[in-house]
Amino acid sequence: EDKVVQSPLSLVVHEGDTVTLNCSYEVTNFRSLLWYKQEKKAPTFLFMLTSSGIEKKSGRLSSILDKKELFSILNITATQTGDSAIYLCAVYAGNNRKLIWGLGTSLAVNP
Amino acid sequence: GAVVSQHPSWVICKSGTSVKIECRSLDFQATTMFWYRQFPKQSLMLMATSNEGSKATYEQGVEKDKFLINHASLTLSTLTVTSAHPEDSSFYICSARDPDRGLYEQYFGPGTRLTVT
């Protein structure tokens, strides 16, 4: 059965800290991995990763994929209170183009 | 670009009534839209895949007669929760794929919070 596992499930840090969120997967016919940020409403797209070892970067956020070890990490440097959210990882697999979602990591950044 | 809207953003209805939720792609044509529901502190659960001009594909365990999906145009899909019950109370989110931006990225609407009393 295809699955996506995120860790940790929750995390509390102070402003300015750097955090690393993990996403591991076991799927057949992997196509791509996506990261989303969800605050009070629907998820907003962060990154899509398809190739190993190529870092995607957007401001203080960056992400990389390891297709050999079947995981991805999402890094946030110099965290701010506005980074507080649930970070969701999802994987496209198989021929049916459906996303398989992890449970998310709930990040709280305290001032 | 790639903006998806949903209406209403929240709705309260009485048990036994039906509720329609609209999902629109505002600046692109979406041949495929997805409907999810999310319970508190849980991840997104795909309910169905909606293809313009054809019947929706429902996930296992989702009652198609209860959750009616219509995708009549390239910019609009609707989800109707028929004969709603309190256990249908949830956060319903739609997403759409923009074919011009690739096969894998999905853009989400803001969600609709349904409360059935």
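Our subject is the structure that appears above.
The structure contained in this document is the topic of the report that follows. Every chain is numbered on its own, with residues counted from 1 as its sequence reads. Here chains are named by letter from A upward and ligands by number from 1 upward, in the order in which they appear as written. Per-residue local features of the predicted model are confined to residues with pLDDT of at least 70, and side-chain atom pairs are confined, for both listing and counting, to 80 or more; whole-chain, interface and lining totals are unaffected and use all residues. Values shown for side chains rest on all heavy atoms present in the structure; no hydrogens or waters enter the calculation.

1. As for the overall build of chain B
Secondary structure is summarised from DSSP: a helix means a run of H or I of at least four residues, a strand means a run of E of at least two, and numbering begins at the N terminus for each. Looking only at helices and strands, chain B has zero helices and 11 strands in total. Ordered by position from N to C terminus, the α and β elements of chain B give β-β-β-β-β-β-β-β-β-β-β. Relative to the compact-globule value of 13 Å for 117 residues, chain B shows a C-alpha radius of gyration of 13 Å, a close match. Counting only C-alpha atoms, chain B reaches 40 × 25 × 20 Å along its principal axes. The classification of residues rests on relative accessible area computed with a 1.4 Å probe and restricted to protein chains. Under 20% of the type maximum is buried, over 50% is exposed, and intermediate values are partly exposed. Here chain B, with 117 residues, has 52% of them falling under the buried criterion. Between two residues, a contact is recorded if the distance between any of their heavy atoms is within 4.5 Å. Look at the contacts in chain B between residues 6 or more apart in sequence, and 54% of them connect residues 24 or more apart. Values of accessible area rely on a 1.4 Å probe in the Shrake-Rupley scheme; residue burial ignores everything except the protein chains shown. With the model as given, the accessible surface of chain B reaches about 5700 Å², and the carbon-plus-sulfur share is 52%. The reference for a compact globule is 2.2 Å times residues^0.38; the radius of gyration itself is calculated from the C-alpha atoms.

2. Quick notes on the packing of aromatic side chains
Ring pairs shown here join Phe, Tyr and Trp side chains whose ring centres sit within 6.5 Å, with only the six-membered ring taken for Trp; geometry is labelled stacked below 30 degrees between planes, edge-to-face above 60, and tilted in between. Summed over all chains, the structure comprises nine aromatic pairs over all chains. Ring geometry for Y36(A) versus F45(A): centroids 5.8 Å apart, planes at 75°, classification edge-to-face. Here Y36(A) falls in the buried class, since its relative accessible area comes to 0%. Relative to F108(B), the ring of Y36(B) has its centre 5.7 Å away and its plane inclined at 45°; by these criteria the two rings are tilted. On the criterion of sequence distance, the pair formed by Y36(B) in strand β4 (residues 32-38) and F108(B) in strand β10 (residues 106-108) is long-range, its members being 72 residues apart. The pair Y36(B) / F108(B) is uniform in exposure class, with both members buried. Of the aromatic side chains, those joined through ring pairs into one cluster are Y36(A), F45(A), W101(A), Y36(B), Y107(B) and F108(B).

3. Re the pairing of strand β3 (residues 19-25) of chain B
The two faces of a sheet get side chains in turn, since along a regular strand they alternate between them. All names here are of chain B. Residues V19, I21, C23 and S25 of β3 are buried on one face, while the alternating residues K20, E22 and R24, pointing to the opposite face, are not. At least two bridges found by DSSP between two strands are what make those strands a pair. Sheet topology places β3 next to strand β8 (residues 76-81); six bridges connect them, and they run antiparallel. Counted as the bridge partner of V19 is V81 from β8.

4. With respect to the side chain of T32(B)
Residue and element names in this part refer to chain B. For T32, the location among the structural elements is in strand β4. Of the residues examined, T32 reaches a relative accessible area of 9% and is grouped as buried. Within 3.5 Å is the distance limit for a polar contact, defined as a pair of N or O atoms, with the added protein rule that one can donate a hydrogen and the other accept it, and that residues adjacent in sequence qualify only through two side-chain atoms. Here N51 takes part through its side chain, which lies 3.2 Å from a polar atom of the side chain of T32. The residues contacting T32, other than those within four sequence positions of it, are T49, S50, N51, H71, S95, A96 and R97.

5. Concerning the interface of chain A and chain B
Taken together, the 19 residues of chain A in the interface contact 18 residues of chain B. By buried area we mean how much accessible surface two parts lose on assembly, using a 1.4 Å probe and totalling the loss over both. Across the chain A to chain B interface the summed buried area is about 1600 Å²; carbon plus sulfur atoms make up 59%. In the sections that follow, a salt bridge refers to a side-chain nitrogen of Lys or Arg positioned within 4 Å of a carboxyl oxygen of Asp or Glu. There are zero salt bridges connecting chain A and chain B. If you look at where chain A meets chain B, you find three residue pairs in polar contact (both at pLDDT 80 or more). When residues of the side of chain A that touches chain B are traced back to their parent elements, those giving at least two are β4 (30-38), β5 (44-49), β9 (85-93) and β10 (98-101) of chain A. Broken down by element, the residue count for the side of chain A that touches chain B peaks at five residues, all from β4(A). Under the scheme applied here, ten amino acids are nonpolar (Ala, Val, Leu, Ile, Met, Phe, Trp, Tyr, Cys and Pro), four are charged (Asp, Glu, Lys and Arg), and all others, including Gly, are polar. Within the side of chain A that touches chain B, the residues separate by chemical class into 11 nonpolar, three polar and five charged.

6. Some remarks on the environment of N22(A)
All names here are of chain A. Take N22: it is sitting in strand β3 (residues 19-26). When the C-alpha atoms of N22 and I86 are compared, they prove to be 13 Å apart, with 64 residues separating the residues in sequence. Those residues in contact with N22, other than ones at most four positions away along the chain, are V5, Q6, S7, W35, S72 and I73.

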